[in-house]
Protein chains: 2
Amino acid sequence: MGNRVCELFDIDHPILQGGMTWVSDAGLAAAVSNGGGLGIIGAGAMPPEVLREEIAKAREQTERPFGVNLIMINPNFNAQVEVLLEARPPVVTLGAVQSTSVIPELKGQGIKVVPVVAAVAMARRAEKHGADAIVAEGEEAGGHIGGTTTMVLTPLVSRAVDVPVIAAGGIADGAGLLAAFVLGAEGVQMGTRFVCARECSVHEDVKRRFIKAGDRATVVTARAVGYPVRAIKNKLSGLYDEWEKEYLKGECTAEDIEKLALGKLREAMCEGNVRDGSMMAGQSVAMVDEEQPAAEIIAGIIAEAEAAAAELPDRLTLRR
Amino acid sequence: MGNRVCELFDIDHPILQGGMTWVSDAGLAAAVSNGGGLGIIGAGAMPPEVLREEIAKAREQTERPFGVNLIMINPNFNAQVEVLLEARPPVVTLGAVQSTSVIPELKGQGIKVVPVVAAVAMARRAEKHGADAIVAEGEEAGGHIGGTTTMVLTPLVSRAVDVPVIAAGGIADGAGLLAAFVLGAEGVQMGTRFVCARECSVHEDVKRRFIKAGDRATVVTARAVGYPVRAIKNKLSGLYDEWEKEYLKGECTAEDIEKLALGKLREAMCEGNVRDGSMMAGQSVAMVDEEQPAAEIIAGIIAEAEAAAAELPDRLTLRR
């Protein structure tokens with residue numbers, strides 16, 4: 001009896017690297033896939049031709065399966081789907097799921113389709129429309145988030161669907177992976193930890209900030225505006241709070257805020273402006289302690305999970 | 001080698017019932033303690049004479065250890081401490097921890113003192129000032145909450161202190177308990193699940209609402225005001241959102257909102273006004289499916305955790 005997530009994606013270990021805009025390019029995705037996990041290119045708002053190139057680069061750098069993450073609300077989404085239908089990456093994960101009609105379309109080309117969901121109803125709906133697996137993402141995750149934590153969402157989604165559930169949000173080590181399995185998952189997706197993979201091309205100052213971060217490092221902005229985003233607290237997140245107040249007072253619109261936010265993720269992640277840029281990160285950033293090659297991260301987590309499982313019978317003393 | 005939480009409190013199973021204002025009275029606390037866990041009277045803003053009576057009632061109804069939860073920011077706090085120094089309940093848990101000077105004072109009377117914390121720094125500080133154990137409470141919990149989830153807070157606090165860590169927030173079944181142990185806890189605290197204990201005196205309509213609740217049932221209000229509270233979404237939580245907007249516009253003060261909120265918890269929990277009252281509940285309310293005697297809840301969770309642990313070696317397949 002093998003692991004269903006490994007079998008589905010033809011990978012060695014049930015660890016997915018979360019798709020991260022401006023962060024997870026072909027280089028990181030290939031490194032994760034070469035390490036036995038599933039690397040995922042974060043398409044973000046990539047123009048179709050750039051996405052096509054990234055997929056080609058990933059194929060040059062790994063012979064193992066990899067994935068592409070699409071964010072359904074981005075303006076290039078339809079053009080990106082056209083690229084994928086042609087380039088046929090082995091796996092597509094879908095963020096900000098608005099509709100499920102794209103699932104059968106991608107599956108028709110032999111692509112495994114995995115929606116990232118934050119609620120039970122959407123998990124059920126995605127399974128009904130053919131999803132091969134579900135990433136259930138808790139609100140401790142980085143970037144755009146829902147409202148239910150991994151501790152609660154994982155068991156609820158696992159009970160609601162029959163396809164394999166991959167837990168995301170708050171997972172950065174072997175104990176987190178083991179806990180996710182206890183809660184019903186058969187795999188995990190991690191973004192934040194892989195930001196500090198050696199092969200990740202983000203600016204060194206971002207990696208340094210991640211490694212330094214403690215348990216109160218992240219904040220959620222734009223909750224009132226309706227699209228909550230988790231990122232590391234800095235000057236920009238403070239500005240967001242101000243903009244949000246203005247929004248609530250009716251002094252600016254959601255579109256105004258969107259305009260102000262434009263380019264901020266790139267400014268942090270690529271240019272290293274850790275003060276004025278947006279450093280999307282999950283709460284698990286507090287558990288990221290060093291930069292390591294992606295393969296070492298994966299091997300370490302698997303070894304930790306196995307050791308934790310072996311120790312558990314001794315630790316699980318439920319009586320005096 | 002026994003469980004440290006059981007040994008510390010002299011209880012059979014490492015399950016604490018979270019102190020809940022207007023909900024966990026002597027009757028519920030005694031039922032939980034008689035079931036082998038640690039029942040806890042939620043003192044809330046009880047006048048000292050009422051608290052004294054509740055402690056006496058608990059002693060009449062159980063010979064097992066029990067606790068009292070104090071909320072440090074309530075106006076009766078100092079008078080309540082005087083009652084405890086005299087009545088000497090076996091355990092005191094401290095919510096909304098503002099200072100740690102009360103810890104040695106209570107310990108001087110042979111009382112075990114357990115602060116409920118939402119951040120690593122406070123856990124360290126509480127241990128330094130003599131805390132016997134730490135409840136690390138994730139933001140998925142009900143009532144007043146912090147900003148870090150159980151999945152992340154539990155391992156971080158477990159690494160930061162040497163005293164036993166009791167995980168709280170998002171835990172309502174045996175898998176949740178097992179996951180908490182995997183993450184480093186040696187016990188769990190559950191509030192929401194015990195609201196639906198048969199011996200809990202809350203209004204039947206509240207229990208019905210809890211049993212019906214799904215994964216999107218709770219909301220957090222008063223975040224902008226600075227004291228976030230998680231409760232079940234209803235007409236009142238909608239009003240809170242309006243008041244919060246007025247607060248941000250400078251049209252009302254935090255004190256005005258506090259006045260509007262006065263008595264709302266009691267109105268829901270005791271009188272059954274599930275529309276206009278405040279039904280504080282954690283996200284785990286989605287996992288509460290029936291009313292059961294407290295002893296049955298505890299026995300069921302222990303049996304589930306043991307079964308889940310026994311199954312884990314088969315489920316933890318980390319390879320194809």
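Fair warning: this is a prediction, and the values are worked out from it, not measured in the lab.

## As for the overall build of chain A
Working step 1: Of the regular secondary structure elements, chain A holds 14 helices and 11 strands.
Working step 2: In summary, chain A has a C-alpha radius of gyration of 19 Å against a globular reference of 20 Å for 320 residues, a match within 12%.
Working step 3: Looking at chain A as a whole, 61% of its 320 residues qualify as buried.
Working step 4: Sequence-distant contacts, at least 24 apart, represent 60% of the contacts inside chain A between residues at least 6 apart.
Working step 5: In the form shown here, chain A has an accessible surface area of approximately 12000 Å², with 49% of it arising from carbon and sulfur atoms.

## Quick word on the side chain of Thr93 of chain B
All names here are of chain B.
Working step 1: Counting through the fold element by element, Thr93 comes out in strand β4 (residues 91-95).
Working step 2: Separated by 2.9 Å, the side chains of Thr93 and Asn69 make a polar contact.
Working step 3: If we ignore the near neighbours within four places in the chain, the residues touching Thr93 are Ile40, Val68, Asn69, Leu70, Val114 and Val116.

## Observations concerning the relation of the copies chain B and chain A
Working step 1: Superposition of chain B onto chain A requires a rotation of 180° combined with a translation of 0.0 Å along the rotation axis, giving an RMSD of 0.0 Å. The transformation just described matches what one would write down for a two-fold rotation axis. Relative to the rotation axis, the closest C-alpha in chain B is found at Ala179 of chain B, a distance of 2.3 Å.
Working step 2: Comparing interface residues between copies, 100% of those in chain B also sit at the interface in chain A, which points to an isologous, same-surface contact.

## Overview of the sheet that holds strand β6 (residues 134-137) of chain B
Residues and elements named next belong to chain B.
Working step 1: The strand order β1-β9-β8-β6-β5-β4-β3-β2 describes an open sheet built from eight strands, whose pairing is parallel. In the strand order of this sheet, the two ends are held by β1 (15-17) and β2 (39-42), each with one partner. Recorded for the sheet is a direction-independent mean angle of 25° between the axes of neighbouring strands.
Working step 2: The pairing of β1 with strand β9 (residues 187-190) spans three bridges and is parallel.

## Some words on the nonpolar core
Working step 1: Judged by nonpolar contacts, the single largest core of 96 residues is most densely connected at Phe194 of chain A together with Phe194 of chain B.
Working step 2: Phe194 of chain B has contacts with Ile15, Leu16, Gln17, Leu28, Val32, Cys200, Ala294, Ile297 and Ile298 of chain B, leaving out every residue within four places of it along the chain.

## Concerning the interface of chain B and chain A
Working step 1: Contacts between the two partners involve 63 residues from chain B, matched on the other side by 63 residues from chain A.
Working step 2: For the pair chain B and chain A, the summed buried area comes to about 5100 Å², and 62% of that belongs to carbon and sulfur atoms.
Working step 3: Area buried by chain B at its contact with chain A is led by Met151, Leu318 and Arg320 of chain B, which between them contribute 16% of it.
Working step 4: With a closest N to O distance of 2.3 Å, Asp10 of chain B and Arg320 of chain A form a salt bridge.

## Remarks on the domain arrangement of chain A
Residue and element names in this part refer to chain A.
Working step 1: Along its sequence, chain A is carved into domain 1 (4-201 + 289-315) and domain 2 (204-283).
Working step 2: Taking only C-alpha atoms into account, the centre of domain 1 sits 23 Å from that of domain 2.
Working step 3: Contacts between the two partners involve 19 residues from domain 1 and, on the opposite side, 19 residues from domain 2.
Working step 4: Between domain 1 and domain 2, a total of about 1600 Å² is buried, with carbon and sulfur atoms accounting for 65% of that surface.
Working step 5: Summed over the shared surface of domain 1 and domain 2, the number is two salt bridges.
Working step 6: Between Arg223 and Glu139 there is a salt bridge, with the nearest N and O atoms lying 3.9 Å from each other.
Working step 7: Linking domain 1 with domain 2 are 10 residue pairs in polar contact (both at pLDDT 80 or more).

## A short note on the pairing of strand β11 (residues 229-232) of chain A
Residues and elements named next belong to chain A.
Working step 1: Here β11 shows no split at all, with Val229 and Ala231 on one side and Arg230 and Ile232 on the other all buried.
Working step 2: Here four bridges tie strand β10 (residues 218-221) to β11, and the two strands are oriented antiparallel to one another. If you follow Val219 over to β11, its bridge partner there is Ala231.

## Thoughts on the sheet that holds strand β3 (residues 66-71) of chain A
All names here are of chain A.
Working step 1: Strands sit in the order β1-β9-β8-β6-β5-β4-β3-β2 across an open sheet of eight strands; the sheet is parallel. Unpaired on one side and paired on the other, β1 (15-17) and β2 (39-42) mark the two borders of the sheet. Across the sheet, the mean angle from the axis of one strand to that of its neighbour is 25°, orientation sign disregarded.
Working step 2: The strands touched by helix α2 (residues 26-34) are β1, β2 and β3; relative to β2, the strand with the most contacts, the crossing angle is about 170°.
Working step 3: Packing of helix α7 (residues 150-160) onto the sheet brings it into contact with β5 (112-117), β6 (134-137) and β8 (165-168), and relative to β8 it is tilted by some 170°.

## Some details on the packing of aromatic side chains
Residue and element names in this part refer to chain A.
Working step 1: With the rule as written, the count across this model stands at two aromatic pairs over all chains.
Working step 2: Each ring, one from Tyr240 and one from Trp243, has its centre 5.2 Å from the other, and the planes form 65°; the classification is edge-to-face. With Tyr240 and Trp243 both in helix α11 (residues 235-248) and three residues apart, the pair spans about one turn of that helix. Exposure class is identical for Tyr240 and Trp243. Each is buried.
Working step 3: The lysine or arginine in question, Arg266, covers the ring of Trp22, its NZ or CZ lying 5.0 Å from the ring centre.

Rules used in this analysis
- Residues numbered from 1 in each chain as written.
- Chains lettered and ligands numbered in written order.
- Predicted model: local features only at pLDDT ≥ 70, side-chain atom pairs only at ≥ 80, totals over all residues.
- Heavy atoms only, no water.
- Helix = DSSP H or I, 4+ residues; strand = E, 2+ residues; numbered from the N terminus.
- Rg over C-alpha atoms; globule rule 2.2 N^0.38 Å.
- Buried < 20%, exposed > 50% of the residue type's maximum accessible area, 1.4 Å probe, protein only.
- Contact = heavy atoms within 4.5 Å.
- Areas by Shrake-Rupley, 256 points an atom, 1.4 Å probe, with all protein chains shown as cover.
- Polar contact = N/O pair within 3.5 Å; in protein donor to acceptor, adjacent residues only side chain to side chain.
- Least-squares fit on C-alpha atoms with pLDDT ≥ 70 in both.
- Pairing = 2+ DSSP bridges.
- Axes fitted to C-alpha atoms, helices over the stretch in contact; angles between N-to-C directions.
- Core = buried A, V, L, I, M, F, W, Y, C linked by side-chain atoms within 4.5 Å.
- Buried area = accessible area lost by both parts, 1.4 Å probe.
- Salt bridge = Lys/Arg side-chain N within 4 Å of Asp/Glu carboxyl O.
- Domains from an automatic or database assignment.
- Phe/Tyr/Trp six-rings, centres within 6.5 Å; stacked < 30°, edge-to-face > 60°.
- Lys NZ or Arg CZ within 6 Å of the ring centre and 35° of its normal.

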